[in-house]
Every structure is written in C-alpha cells, then in structure tokens.
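Structure assessment
Chain by chain, the residues run as shown.
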Amino acid sequence: MNRLQTRSVAEVEVLVETRGEVSAGAPDYARVKIAAVLDRLDEPVLAVRVRLVQEPNHAVARPSLAQATVDVNGRPVRAHVAAATMREAIDLLQDRLVSRVARLRHHRRPARTPLGWADGLDPEHRPQRRHVEPEDRRLVRHRSYSAARLGALDAVFELEAMDYDFQLFTDAESGCDSLVYRGAAGGYRLASTGPLPHPVTGLVVSRLTVPRLTGEQARARLELTGLPFVFYTDAATGRGNVMYHRYDGHYGLITPAA
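Predicted model only: the values in this text are computed from it and were never measured.

Next up on the list: the environment of H80. Here H80 is to be found in strand 4 (residues 75–83). For H80, a relative accessible area of 9% puts it in the buried group. The spatial distance from the C-alpha of H80 to the C-alpha of L97 is 8.5 Å, given a sequence separation of 17 residues. A polar contact is formed between the side chain of H80 and the side chain of R78, at a distance of 3.4 Å.

So, in structure tokens, the structure goes:
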C-alpha cells in the first residue's frame, strides 16, 4: 500500500490563512471553491493550504491576493492570482488551480509540448510587485532547488505546476545549470550556463551569454535594469544562480542545492 495514500479528498482540511482586512465570509467561500477543484482529482490529496491577503494600499489596482498549494500524492501544485476584489481573486484562483492540476495529467502523456499548456489567464491577474525604494530593499529569501536533473520540458512542467515565472534546474543532458522562463510575448524561453542546448520543441533558446557575476553585481544589475530576475553564473561557485524581485518589493536568491 502506498504510504502517501492515507486520506481521501473529502477528509482533507482546507487550511485558510488570512492577512489584512479580509472579509469574514472569504475563507469559507475559498474552501467551497477549492473543494470543487479537489473533487476532480482521483489521486490522494495530502494537504491544502490557501492564503488570502488584502493589501492596505487602496491605490493598488488589484489589492486582493489569493494563493493555494495542494499536495497531490506528494506532488505540490500551486496557483497565485491578484484581483480587484477578494471574491474575484478566489474565483480566479479556482480556475487557475484547475489548469495547474490538468498539467499533472498532461505530463503523463508521451506527446506533450509547452505550447499546448497555456491556460489563457490574463497577465494582469498576476500579483503586482510592491514598490520599495532601492536603498530599502533586502535579500530576504535564499532557497535551493532540487539537485535532481531534468529535461527542459520537465522543467517547464515544474514551472507551470508551481505557477512560477521561471524555473532553475540542472539539465539532464548537458549537466549545465539552466533556466526556463516565460517570454515577454508569450511562450517559453531556455537559457543555459553551458553551450547552447539542442533545439527543444516549443522553446526558444536564448543566445545571450549568461554573465559571470558576484552577488553584489547581480543585485546592482537587477536594480539597474528593473527586470524581474537576473540569471547568472556565480563568480565564487561557478554555478547558475537566479536573483529576483519578490512581490513584496525585496529580493530573493535561488541557488543549486549541491
């Protein structure tokens, strides 16, 4: 018996965390909406966490944020959205989570391409980055990605399942630290610290050289360009790192686990 198959979907509690002036009925509404997503699943669901955040700044166009992470038989699936009202955010969260769950099924099919995975969510419903003056920004998160090697399409699957904008990974074929990310005009792009990888259906390969930088230089480049992230080879370790803008206005850093 699979030790992960311990509880049925109906037995899993949808844990809802709130921050800010979230309406009293929003948590229960979120539970109902997420339960409707769980009813679609055949696999065991081990845990469900929902986070509802109401930003205090009324000048923000989409101050209601909703995020959900569902552990599907040991595989986390995540969705994150922003909207003008919390009810709209929860509705969008349900739709986006359905599309994320669908990726689990697509991933099991032998004929899959990233171009067939787009779910059509308007980019305007991505959370907005909070403005923090450059001198006040801090590096508040440093995390490592799994040491397991992946193919480029598998890395795109990880990106989509977790609703990320980019995914750092070690390429299974070349052994080089690589990055897949969402292109500005749609679709997905691939960059690598090593030689240009072989063409991958549905991916545009970046021909730009990945710069060799120190952490301070990467931070300076991030501040200067205003880009959402900088992919670089760390001057000290020789490994591919990503420094990025967090939604709270500060910086995060992702490095290889080993």
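When you tally the buried positions in strand 8 (residues 177–182), you get five out of six residues, the bulk of the element. Both strand 7 (residues 166–171) and strand 8 contribute to a ladder of five bridges, which runs antiparallel. Looking across to strand 8, one finds that T170 is bridged to D177. Between strand 7 and strand 8, which follow one another and run antiparallel, lie five residues, and G175 among them has a positive phi close to 80 degrees. Pairing between strand 8 and strand 9 (residues 188–192): five bridges, direction antiparallel. The partner of V180 across the bridge, within strand 9, is L190. Counted between consecutive antiparallel strands, the loop separating strand 8 from strand 9 contains five residues, among which G186 sits at a positive phi close to 100 degrees.

Turning our eyes to something else, we now look at the sheet that holds strand 9. Spatial ordering of the open sheet is given by 6-7-8-9-10, a layout of five strands whose pairing is mixed. Of all strands in the sheet, those with a lone pairing partner are strand 6 (149–150) and strand 10 (203–205), marking the two edges. In this structure, strand 6 lies alongside strand 7, joined through two bridges in parallel fashion. Following the sheet pairing, L150 is matched in strand 7 by D171.

With that out of the way, let us pick up helix 1 (residues 26–38). Since the α-helix advances by 3.6 residues per turn, residues separated by three or four positions end up pointing in the same direction. In this model, helix 1 (13 residues) spans 18 Å end to end at C-alpha, consistent with the 18 Å of a helix rising 1.5 Å per residue. Among all positions in helix 1, only A26, P27, Y29, A30, I34, V37 and L38 are buried.

Right, let's get into the pairing of strand 4. The buried count for strand 4 comes to eight of nine residues, which makes it a mostly enclosed element. With nine bridges connecting them, strand 3 (residues 64–72) and strand 4 associate as antiparallel partners. If you follow Q67 over to strand 4, its bridge partner there is H80.

A word on the confidence of the model for the protein chain. Scored by pLDDT, the protein chain has a mean of 83; 84% of the residues are at 70 or more. Contacts for the low-pLDDT stretch residues 1–7, under 50 throughout, to residues beyond four places or in other chains number 14 contacts. In this model residues 109–120 is a low-confidence stretch, pLDDT under 50, and it forms 25 contacts with partners more than four residues away in sequence or in other chains.

Turning our attention to the environment of L38. As for its placement among the helices and strands, L38 is situated in helix 1. Owing to a relative accessible area of 3%, L38 belongs among the buried residues under this scheme. A C-alpha to C-alpha distance of 9.7 Å links L38 and L97, two positions 59 residues apart in sequence.

Rules and cut-offs
- Residues numbered from 1 in each chain as written.
- Predicted model: local features only at pLDDT ≥ 70, side-chain atom pairs only at ≥ 80, totals over all residues.
- Heavy atoms only, no water.
- Helix = DSSP H or I, 4+ residues; strand = E, 2+ residues; numbered from the N terminus.
- Buried < 20%, exposed > 50% of the residue type's maximum accessible area, 1.4 Å probe, protein only.
- Polar contact = N/O pair within 3.5 Å; in protein donor to acceptor, adjacent residues only side chain to side chain.
- Pairing = 2+ DSSP bridges.
- Expected span 1.5 Å × (residues − 1).
- pLDDT = per-residue confidence, 0-100.
- Contact = heavy atoms within 4.5 Å.

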